[in-house]
Amino acid sequence: MDYQSALASLFLPEGRNDPYPAYDVLRAHAPVFAADGRWWVTSHTVTNQVLRHPSMRILDAADYDTFWPDWRQNRGVASFVLSMLQTNPPDHSRVRRAAAATFTARRVAAMRDVIAALCEELITSMPAKADFIGAFAYPLPISVICALLGVPAADRPWFRERVADLTVVLEPISTEREMRLADVAGRAVEDYFVGLIAERRRTPQEDLTSALAANGDLTAEELLANLILLLIAGFETTTNLLGTGVKMLMDRPEHAARLRADPGLAPAYVEEILRYDSPVQMTSRLAAEPVEFGGVRIAAGESINMLLGAANRDPERYADPHRFDPDRENVAPVSFGGGAHYCLGAPLARLEAQVALPMLVTMLPALAQDGPEVRRDRLVLRGYSALPVTIG
Ligand code: HEM
């Protein structure tokens, strides 16, 4: 396979199903290369350099104004573009500071018991034959983030479909129908949060919505977009981590047995699962000024796509990168990005998986796959839409 066909394959269902052979071809071609009018990065080192470089910026609202003046009309797109994820300094620093001040390590750590109780409830109510995604991997993260945001339990299932429709705007290519659905979902979720914010302003509670609404540093538009970002950024990504992680353990019973015998290994397992099959496979930046990466000169205004899944399997960084090995030392996958936009929810996502995986293998020792899995046909957010299991 030449590198052009390898790149093209990432945009086809077969290539997306297992992009790792294509990543190998692309990485062997070059750590940084130009194709299809943009730059592509496959190396672990260069990915980290790009993510942390001060001359790199993210596509923001002003950029959208230049190539799509009506973007605000699509409220699915607007919910992302107006959030910190697509904002540059100084606005990004201000908004991120406000969000980080409410989404604290203490608040996340305090969720451990809530997460364990939710896991227990989901595991004990799992039918003998179930779709693991629908029965566990979806409800856990949505319940956790909704609990943090203060969304009442009864409203949580409603978000599942809305969020699935919304995250499609993260893909490089979407159909007109998908964009329309993203708009409808964006409007519905905005209306929901407008109501919740008003309620929490009247009667504040111990939740993130109340805390962020009380923070005077955010405009009303920023508050809304970032509450929605917290909901959606932490939802499908964590679902994918749990789905992928459980599939890996079911495929490797010796590892499931090891984790059952020593739940203290959970952090090492979670890091290796993140490295081996990252729930987020790509992110992008624009060069604000001319820069050089991997010996390649990149001009101001040019766009760079980083293939995070390729970086995580870079043999220059990880020996025998295609081997799943939780005993690796010094694992630092780029699955949560890096630099100024480093995932704000990384400690929460890690905690959820670190609590859930040992509980699953302990409470359901005979958990096994029970039919073919269905992969979500997306390039950026990688995971399963269905994973049939039997609890034995
Ligand atoms: C940003 C991955 C879970 C909230 C990011 C980025 C990545 C990422 C790669 C950076 C994007 C970029 O630099 O362009 C993941 C993965 C997750 C996960 C793989 C689960 C396994 C969560 C959770 C939350 C969350 C649970 C919150 C509840 C955010 C936010 C940002 C972000 C707010 C934007 C940070 C900024 O722009 O400053 N995430 N995420 N994520 N993530 Fe996550």
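Keep in mind that what you see is a predicted model, and the values were worked out from it rather than measured. (Residues numbered from 1 in each chain as written. Predicted model: local features only at pLDDT ≥ 70, side-chain atom pairs only at ≥ 80, totals over all residues.)

Looking now at the overall build of the protein chain. Of regular secondary structure, the protein chain possesses 20 helices and twelve strands. In terms of overall dimensions, the protein chain is globule-like: its C-alpha atoms have a radius of gyration of 21 Å, near the 21 Å expected for 392 residues. The burial tally for the protein chain puts 43% of its 392 residues in the buried class. For the protein chain, the proportion of contacts with a sequence separation of at least 24, taken over those separated by at least 6, is 71%. (Helix = DSSP H or I, 4+ residues; strand = E, 2+ residues; numbered from the N terminus. Rg over C-alpha atoms; globule rule 2.2 N^0.38 Å. Buried ≥ 20, exposed ≤ 12 C-beta atoms within 10 Å, placed from the backbone. Contact = placed C-beta atoms within 7 Å.)

This part is about the site of the ligand. Taken together, 23 residues form the shell around the ligand, and within it Gly234, Thr237, Gly337, Cys343 and Gly345 come nearest. Listed by contribution, the elements that provide at least two residues to the shell around the ligand are helix 15 (220–233), helix 16 (236–251) and helix 20 (346–363). Taken together, the residues of the shell around the ligand break down into 14 nonpolar, eight polar and one charged. (Near = placed C-beta within 6 Å. Nonpolar A, V, L, I, M, F, W, Y, C, P; charged D, E, K, R; others polar.)

A few words on the sheet that holds strand 5 (residues 282–287). Spatially, five strands are ordered 1-2-8-5-3 in an open sheet, and the strand pairing comes out mixed. Looking at the sheet topology across the chains shown, the edges are occupied by strand 1 (32–35) and strand 3 (56–57). In this sheet, strand 8 (residues 303–307) lies alongside strand 5 in antiparallel orientation, the contact comprising five bridges. What sits directly across from Leu286, in strand 8, is Ser303. (Pairing = 2+ DSSP bridges.)

Counting 79 residues, the largest nonpolar core has Leu140, Leu227, Ile228, Leu231 and Leu357 as the members making the most contacts within it. Tallying contributions element by element places helix 15 first for this core, with ten residues. Excluding residues within four positions of it along the chain, Leu227 makes contact with Leu149, Phe193, Thr209 and Leu212. Val32, Val280, Met282 and Ala310 belong to the second largest nonpolar core, which has 26 residues in total. (Core = buried A, V, L, I, M, F, W, Y, C linked by C-beta atoms within 7 Å.)

Look at any regular strand and the pattern is simple: side chains alternate between the two faces of the sheet. The pairing of strand 3 with strand 5 spans two bridges and is classified as antiparallel. Residue pairing across strands places Arg57 opposite Leu286, the latter belonging to strand 5.

Reading across from one edge, 4-12-9 is the order of the three strands in this open sheet, with antiparallel pairing throughout. Edge strands, defined here as strands with exactly one partner in the open sheet, are strand 4 (129–131) and strand 9 (368–369). Sheet topology note: the strand 4/strand 12 (residues 388–390) ladder contains three bridges and is antiparallel. Its bridge partner being in strand 12, Asp131 is matched across the sheet by Pro388.

Moving on: helix 7 (residues 91–102). Taking 1.5 Å per residue, twelve residues should reach 16 Å; helix 7 reaches 17 Å between its end C-alpha atoms and fits that length. All buried positions along helix 7 are accounted for by Val95, Arg96, Ala98 and Ala99. Seen end-on, helix 7 carries its buried residues on one side only, within an arc spanning 160°. Exposed side chains of helix 7 directed beyond 90 degrees from the buried face belong to Arg97, Ala100 and Ala101. (Expected span 1.5 Å × (residues − 1). Arc of directions from axis to C-beta.)

Moving on, we get to helix 12 (residues 156–166). For helix 12, the full list of buried residues reads Phe159, Arg162, Val163, Asp165 and Leu166. Taken end-on, helix 12 shows its buried residues confined to a sector of 155°, consistent with a single buried face.

When pLDDT is averaged along the protein chain, the result is 94; 100% of the residues meet or exceed 70. For this predicted complex, the interface score ipTM comes out at 0.99, while the overall pTM is 0.95. (pLDDT = per-residue confidence, 0-100.)

This part takes up the pairing of strand 1. Where strand 1 meets strand 2 (residues 38–41), four bridges bridge the pair, whose relative direction is antiparallel. Bridge pairing in strand 2 links Val32 to Val41. In this antiparallel pair of consecutive strands, strand 1 and strand 2, the connection spans two residues, and Asp36 shows a positive phi of 55°.

Right, let's talk about the packing of helix 16 against helix 20 for a bit. Following both chains from N to C, one finds helix 16 and helix 20 inclined at 35°, their axes separated by 10 Å at the closest point. Of the two possible hands of crossing, helix 16 and helix 20 adopt the one that is right-handed. Facing Thr237, Thr238, Leu241, Leu242, Gly245, Val246 and Leu249 of helix 16, the residues of helix 20 in contact are Ala349, Glu352, Ala353, Ala356, Leu357, Leu360 and Val361. Its residues assigned to classes, the contact of helix 16 with helix 20 shows ten nonpolar, three polar and one charged. (Axes fitted to C-alpha atoms, helices over the stretch in contact; angles between N-to-C directions. Left-handed = near helix turned anticlockwise from the far one by under 90°.)

Looking now at the environment of Phe80. Relative to the elements of secondary structure, Phe80 occurs in helix 6 (residues 75–81). Taking the number of C-beta atoms within 10 Å as the measure of exposure, Phe80 has 20 and is therefore buried. Between the alpha carbons of Phe80 and Leu229 there is a distance of 6.7 Å; along the sequence they are 149 residues apart. Those residues in contact with Phe80 that sit more than four places away from it in its chain are Leu85, Gln86 and Val169.

Let us now look at the environment of Phe193. Topologically, Phe193 is positioned in helix 13 (residues 176–202). The buried category is assigned to Phe193, around which 22 C-beta atoms lie within 10 Å. A sequence separation of 30 residues divides Phe193 from Leu223, and the C-alpha atoms of the two residues are 9.6 Å apart. Discounting chain neighbours no more than four positions away, the residues touching Phe193 are Leu224, Leu227 and Ile228.

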